[in-house]
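Next come the chains, spelled out residue by residue.
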Amino acid sequence: MKQRVGVIGGGQLAWMMGAEARSLGLELWLQTPNANDPAVSQADHVILADVQDVTATGKLAEHCDVVTFENEFVDLDALGKLVGKGASFRPTLDFLAPLLDKYDQRLCCERFDIPVPRYQTWSLGDRLPEGWQYPVVLKARRHGYDGKGTFVLKDQAALAALPSALAGTALLLEEFIPFERELAVMVARNLSGEIRVFPVVETQQIDQVCHWAIAPAAISKTVAEKVTNIARHLAQNLGLVGIMGIELFLTAAGEVLVNEIAPRTHNSGHFSLDACQTSQFAMQLQAIAELPLGNPKLLTAGAVMVNLLGFEHSDSDYIHRRQLLIQFPNSRVHWYGKSGASPGRKLGHVTVLSETSNPEQLTAIAKHIERLWYPQSDA
Ligand code: ADP
């Protein structure tokens, strides 16, 4: 009988996992609210229910050998009760526990001697603490993604202008890191403790949203080793079974600080679908289904992954723009099939494989792709 893997969530990450599940001979079950969610077309069975619906997750767990997550917005206490009834979550709930809250993530990194930006808890209405200077960064401790819930505050006026809706939200105050680059790395680990680290990438954020990622990052061997060691150290010490993404800041002095840990597949690892021997999605499945782990090595000298972000409210499928992208040499277009575009929504991504790892050339490719996708060249 095929091994049955359940996924809580039916968005683009589950969609990309779906194709890999089929190749690996796994049966895929989904829990997702809408029949037109991206991953539904890839699944063998779907439980149509909100991802927070724990009764539905109980059913999912009954049908599956192992259940995994598309995002970390989960209710650990409620899921914990299912573990008592035999549900097998990978990664485990104990692994997830310190990673659901940005403040807890910082504490966790410090416990393992991993550098992070200076931080402390904060509430709307608090003054800037003694010894702190603008700019600072304010973040919702939970449920932030794609820059939602993150505010870079340049001065007192920006602090005063924060939305009043933040009152009552648990916040994290953080020093602004004038980073030279942003880096990211995916790391997978299985039950027997085997670890695979993907090539380190450089990500380009605009207004706190990832626009593209370049693999491999043009960094020194020393920095690459620092990042890889952090990834291994975290995977091991946290007891990862599955995959996680780590976002980092690289300073001009060569210091590496962890910004965020995503306990799942991540946008910065999408390049691996086309550019690596084993993709992050296949690796996640291999790790949680106790299959032999693959090889994350790059198959090309370089690769660029560009997010296709919505730039308007529309029901268009953007077929003409997609055709332009498909014609771009060595491109692979991944269109998530979401119903409806809105500004900033991730509608798809393009990976371009390259015979060079030259960062200027790879950046030029990313900008070219953006010019083909966005109506204005300065998008
Ligand atoms: P999200 O969880 O929404 O992805 P992040 O905490 O990763 O939010 O922040 C999004 C982006 O905001 C980062 O990729 C980075 O560009 C910027 N940012 C976040 N924290 C800092 C910081 N302490 N210093 C400088 N820039 C930051």
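Refer to the structure printed above.
A brief look at the structure comes next. None of the values given here were measured: they were computed from a predicted structure.

## Some words on helix α7 (residues 221-238)
Okay, so step 1: Helix length check: α7 (18 residues) gives 25 Å between terminal C-alpha atoms against 26 Å at 1.5 Å per residue, within 8%.
Okay, so step 2: Within the sequence span of α7, burial applies to Val223, Val227, Ile230, Ala231, Leu234, Ala235 and Leu238. Angularly, the buried residues of α7 cover 125° about the axis, an arc narrow enough to put them on a single face. Along α7, the residues that are exposed and aim more than 90 degrees away from the buried face are Lys221, Thr222 and Gln236.
Okay, so step 3: Contact partners of the buried residues in α7: α4 (93-96), α5 (102-111), β9 (181-189), β10 (195-197), β13 (242-250) and β14 (256-262).
Okay, so step 4: In the stretch just after α7, glycine 239 is the one whose phi turns positive, near 70°.

## Re the pattern of salt bridges
Okay, so step 1: Per the counting criterion, the structure on display carries 10 salt bridges.
Okay, so step 2: For glutamate 72, the salt bridge goes to arginine 264, with nearest N and O atoms at 2.6 Å. Taken together, the residues glutamate 72 in the loop between β4 (66-69) and α3 (76-84) and arginine 264 in the loop between β14 and α8 (272-275) connect sequence positions 192 residues apart.
Okay, so step 3: Given a relative accessible area of 9%, glutamate 72 falls into the buried group.

## Comments concerning the environment of aspartate 207
Okay, so step 1: With respect to the helices, strands and loops of the structure, aspartate 207 is situated in the loop between β11 (201-206) and β12 (209-215).
Okay, so step 2: Along the chain, aspartate 207 and glycine 147 lie 60 residues apart, while their C-alpha atoms are 7.4 Å from each other.

## Quick word on the sheet that holds strand β2 (residues 27-32)
Okay, so step 1: Taken together, 4 strands build an open sheet; the order of strands is β3-β2-β1-β4 and the sheet is parallel. Looking at the sheet topology across the chains shown, the edges are occupied by β3 (45-48) and β4. Between one strand axis and the next, the sheet turns by 20° as a mean value, whatever way the strands run.
Okay, so step 2: Relative to β3, β2 runs parallel, the two being bridged by 4 bridges. Bridge pairing links threonine 32 to leucine 48 in β3.
Okay, so step 3: Here helix α1 (residues 12-23) sits on the sheet in contact with β1 (4-8), β2 and β4, set at roughly 165° to β2.
Okay, so step 4: Sitting on the sheet, helix α9 (residues 280-288) touches β1 and β4, and the angle it makes with β4 is about 145°.

## Some words on the state of the cysteines
Okay, so step 1: Under the definition given, this model contains 0 disulfides.
Okay, so step 2: Cysteine cysteine 109 is unpaired, with the sulfur of cysteine 108 as its nearest cysteine sulfur at 5.9 Å.
Okay, so step 3: Given a relative accessible area of 1%, cysteine 109 falls into the buried group.

## What about the nonpolar core?
Okay, so step 1: Formed by 50 residues in total, the largest nonpolar core has its most connected members in Phe89, Leu183, Leu234, Met244, Ile246, Leu248 and Val258.
Okay, so step 2: In terms of residue count, the dominant contributor to this core is α7 (7 residues).
Okay, so step 3: Core analysis: the second largest hydrophobic core is formed by 21 residues, Trp212, Ile214, Val304 and Ala341 among them.

## As for the packing of aromatic side chains
Aromatic rings in a pair are described by how distant their centres are and how their planes are angled relative to each other.
Okay, so step 1: According to the stated counting rule, one finds 11 aromatic pairs in the structure shown.
Okay, so step 2: When the ring of phenylalanine 69 is compared with that of phenylalanine 89, the centres are 5.6 Å apart and the planes differ by 25°; the resulting orientation is stacked. Of this pair, phenylalanine 69 sits in strand β4 while phenylalanine 89 sits in the loop between α3 and α4, placing them 20 residues apart in sequence. Across the pair, phenylalanine 89 and phenylalanine 69 agree in class, each one buried.
Okay, so step 3: Centre to centre, the rings of tryptophan 373 and tyrosine 374 are 6.5 Å apart; their planes meet at 75°, and the pair counts as edge-to-face.
Okay, so step 4: Overall, the relative accessible area of 0% leaves tryptophan 373 in the buried class.
Okay, so step 5: By relative accessible area, tyrosine 374 is classed as buried at 6%.
Okay, so step 6: The ring centre of phenylalanine 112 lies 5.2 Å from the NZ or CZ of arginine 111, which sits over that ring.

## Focus: the packing of α1 against α9
Okay, so step 1: Taken N-terminus to C-terminus, the directions of α1 and α9 make an angle of 70°; their axes are 8 Å apart at the nearest point. Considered as vectors, α1 and α9 are oriented roughly perpendicular to each other. Crossing handedness for the pair α1 and α9: right-handed. Counted together, Leu13, Met16, Met17, Glu20 and Ala21 of α1 and Phe281, Ala282, Gln284 and Leu285 of α9 form the full contact between these two elements.

## Considering the site of the ligand
Okay, so step 1: Near the ligand, the surroundings consist of 21 residues, among which Lys102, Lys139, Gly147, Ile177 and Glu182 are the closest.
Okay, so step 2: Within the contact set of the ligand, an oxygen atom lies 2.5 Å away from a side-chain nitrogen or oxygen of lysine 102.
Okay, so step 3: Protein coverage of the free-state accessible area of the ligand, which is 550 Å², stands at 94%.
Okay, so step 4: Listing elements by their share of the shell around the ligand, those giving two or more residues are β6 (136-140), β8 (171-175), β13 and β14.
Okay, so step 5: Here the residues of the shell around the ligand sort into 6 nonpolar, 6 polar and 9 charged.

## A few points about the pairing of β2
Okay, so step 1: Of all the 6 residues making up β2, 6 are buried; the element is thus mostly covered by neighbouring parts of the structure.
Okay, so step 2: Residues Glu27, Trp29 and Gln31 point to one face of β2 and Leu28, Leu30 and Thr32 to the other, with burial holding for every one of them.
Okay, so step 3: Here β1 runs beside β2; their pairing, made up of 5 bridges, is parallel. Paired with valine 7 across the two strands is leucine 30, which belongs to β2.

What counts, and where the lines are drawn
Residues numbered from 1 in each chain as written. Predicted model: local features only at pLDDT ≥ 70, side-chain atom pairs only at ≥ 80, totals over all residues. Heavy atoms only, no water. Helix = DSSP H or I, 4+ residues; strand = E, 2+ residues; numbered from the N terminus. Expected span 1.5 Å × (residues − 1). Buried < 20%, exposed > 50% of the residue type's maximum accessible area, 1.4 Å probe, protein only. Arc of directions from axis to C-beta. Contact = heavy atoms within 4.5 Å. Salt bridge = Lys/Arg side-chain N within 4 Å of Asp/Glu carboxyl O. Pairing = 2+ DSSP bridges. Axes fitted to C-alpha atoms, helices over the stretch in contact; angles between N-to-C directions. Disulfide = S-S within 2.5 Å. Core = buried A, V, L, I, M, F, W, Y, C linked by side-chain atoms within 4.5 Å. Phe/Tyr/Trp six-rings, centres within 6.5 Å; stacked < 30°, edge-to-face > 60°. Lys NZ or Arg CZ within 6 Å of the ring centre and 35° of its normal. Parallel < 35°, antiparallel > 145°, perpendicular 65-115°, else oblique. Left-handed = near helix turned anticlockwise from the far one by under 90°. Near = heavy atom within 4 Å. Polar contact = N/O pair within 3.5 Å; in protein donor to acceptor, adjacent residues only side chain to side chain. Areas by Shrake-Rupley, 256 points an atom, 1.4 Å probe, with all protein chains shown as cover. Nonpolar A, V, L, I, M, F, W, Y, C, P; charged D, E, K, R; others polar.

Taken by themselves, the reported measurements are silent on function.
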